[in-house]
Amino acid sequence: MIKTADHLYLQVADRIEQMIEKDVMKMGEKLPSVRVLSKQQGISLTTAFQAYYHLESKGLIESRPKSGYYICRNKRHLAPMPGTCAPVRKPVSDVTVSDIVLEVFNHRSDDSILKFSVATLPSTLLPSAKMAKAVVQAMRDLDGNGLGYEALQGNELLRGQIARLSLGWGEVCTPDDIVTTHGCMDALTLCLTATTQPGDTIALESPSYYGALQLAEGLGLKVLEVPTNPITGVDLDYLDKAIPRHKIKACLFVTNFHNPLGCCMPDKNKQELVRIVEKYDIALIEDDIYGDLYFGKQRPTNCKTFDKHGHVLLCNSLSKSVAPGYRVGWTMPGKYKDKVLRMKHHHAISCTTLTHAAAGHFLEIGRYEFHLRNLRKMLHTQSLRYSQAICEYFPESTRVSRPQGGCVLWVELEEHINTFELFQQTLKHKISFCPGRLFSLQNRYNNCLRISYGNPWSKQVDEGLKTIGKLIRKMN
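Structure report, in brief. Quick caveat: nothing in here was measured; it's all calculated off a predicted structure.

1. A look at the pairing of strand E9 (residues 248-253)
Now for step 1: Of all 6 residues in E9, 5 are buried; the element is thus mostly enclosed.
Now for step 2: Two elements, strand E6 (residues 201-206) and E9, share 4 bridges in a ladder whose sense is parallel. Bridge pairing in E9 links Leu204 to Leu252.
Now for step 3: Inspection of the sheet shows E9 paired to strand E10 (residues 283-287) by 4 bridges, in the parallel sense. Residue Ala250 lies in a different strand from E10, and its bridge partner there is Ala283.
Now for step 4: Taking the sense of rotation as the criterion, the β-α-β connection linking E9, helix H10 (residues 267-280) and E10 turns out right-handed.

2. A short note on the packing of aromatic side chains
Now for step 1: All told, the structure shown has 13 aromatic pairs when counted by the stated rule.
Now for step 2: For the ring pair Phe362 and Tyr368, a centre distance of 6.1 Å and an interplane angle of 75° mean the geometry is edge-to-face.
Now for step 3: A centroid spacing of 5.9 Å and a plane angle of 85° characterise the contact between Phe423 and Phe433, whose relative ring orientation is edge-to-face. Placement of the pair is Phe423 in helix H14 (residues 419-428) and Phe433 in the loop between strand E15 (431-432) and strand E16 (434-435), with a sequence separation of 10 residues. The two residues Phe423 and Phe433 agree in class, both being buried.
Now for step 4: Site record: aromatic cluster; members linked through ring pairs are Phe105, Tyr209, Tyr210, Trp410, Phe439 and Tyr445.
Now for step 5: Over the ring of Phe370 we find Arg367, and its NZ or CZ is 4.1 Å from the ring centre.

3. Examining the side chain of His258
Now for step 1: Here His258 shows up in the loop between E9 and H10.
Now for step 2: Using a relative accessible area of 0% as the deciding quantity, one classes His258 as buried.
Now for step 3: Within polar-contact distance, the side chain of His258 engages the backbone oxygen of Pro207 at 3.2 Å.
Now for step 4: At 3.2 Å, the side chain of His258 and the backbone nitrogen of Leu261 are in polar contact.
Now for step 5: Beyond its immediate chain neighbours, meaning those up to four positions away, His258 contacts Glu205, Pro207, Ser208, Cys263 and Val408.

About the criteria used
- Residues numbered from 1 in each chain as written.
- Predicted model: local features only at pLDDT ≥ 70, side-chain atom pairs only at ≥ 80, totals over all residues.
- Heavy atoms only, no water.
- Buried < 20%, exposed > 50% of the residue type's maximum accessible area, 1.4 Å probe, protein only.
- Helix = DSSP H or I, 4+ residues; strand = E, 2+ residues; numbered from the N terminus.
- Pairing = 2+ DSSP bridges.
- Right-handed = clockwise from strand over helix to strand, strands pointing away.
- Phe/Tyr/Trp six-rings, centres within 6.5 Å; stacked < 30°, edge-to-face > 60°.
- Lys NZ or Arg CZ within 6 Å of the ring centre and 35° of its normal.
- Polar contact = N/O pair within 3.5 Å; in protein donor to acceptor, adjacent residues only side chain to side chain.
- Contact = heavy atoms within 4.5 Å.

Given below as structure tokens:
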């Protein structure tokens, strides 16, 4: 293969990163100048600059005016990872989290508050101009400019483009396998409604996304919280034994870049999870909303990739990557498709015609992958900068997750720190985050918090994290 300048700068950057990781080059040490690096590696000055810019974007080195580049971070010096939660004595619970969620998000519309609590991206990171063009094109193409109802299963162009996207995670599907929805939460709602009845028990990760807990509450379901590892995801041995014991009817898991832990389940675990749900003939509802926001070299697969008998209902949307307000989501419900369509007809009749057609046009000609590539780089950089600031400003005993995708960090403090009380204090400083109590039904994770790194790094973000750190130290 021809070695282009693009490949060369990545090769040089990777070599330097490896030396940093192995402590051959240490924190605080000055790197060779761009000119010296150029001569050492036999590359152009431009390529040498690109290599340093790449390392700087990852938070590994920093440029000091009139001095040069210095190593500022090593993964060995990061805060330790949070631990896996222990099983609880009373594993199955009724759901009661809505009051706490409402209190935390009561200030969502207040623009004066620095919101580390919201796991969505600002419009500055989204392709607003391209989406505006896509809306105009959709109005031209649709009968009656999009005023009529869409087909029950969804916009044909959009379903076709989603089917093409499925190649990215190793799945082969057709537009007929897909049902469009009003965002990912609507997809999850339809799938849960199609696979459970009020009073049934479902399995969720622990900690679990509070939206899933609220959804279970609204549908009258009980919840089993499954211990979850911050690297590999759900404890499958625990789950395998718990399904018959607690008569689990469905599992709802975020297998790629879980919210809030950030873990990505390895392929072998995904295969095993599919085997388990097939053994017990229950549904696995897979929330893949963060799957496209990976930081590695390729997109992770899904459990749906290994699903041969239709037990997996994959759910996704464009809400985290393109247009939250357009409410464009979908599900691949496998053997439950007819039930999901029936539920959709009962609840909504059809999706929003104009925005779904616009999303189809954008995916067809809007350079979605190019947009994602830039977005992933920015989110990766932000995750590293946020993590580094937390390590610097928070107490040394702090534990921080290391997500390889998505947009949230899970932070574990000393046990005596109550993060709901901390939240009430930070709100006085116009700063919000998500207290850990939101992510469980068992009065757990009171010493934890979730911080979104969706906002680009700025002086305001830096000062906000520093303020949280100071308030934590006062509580020690």
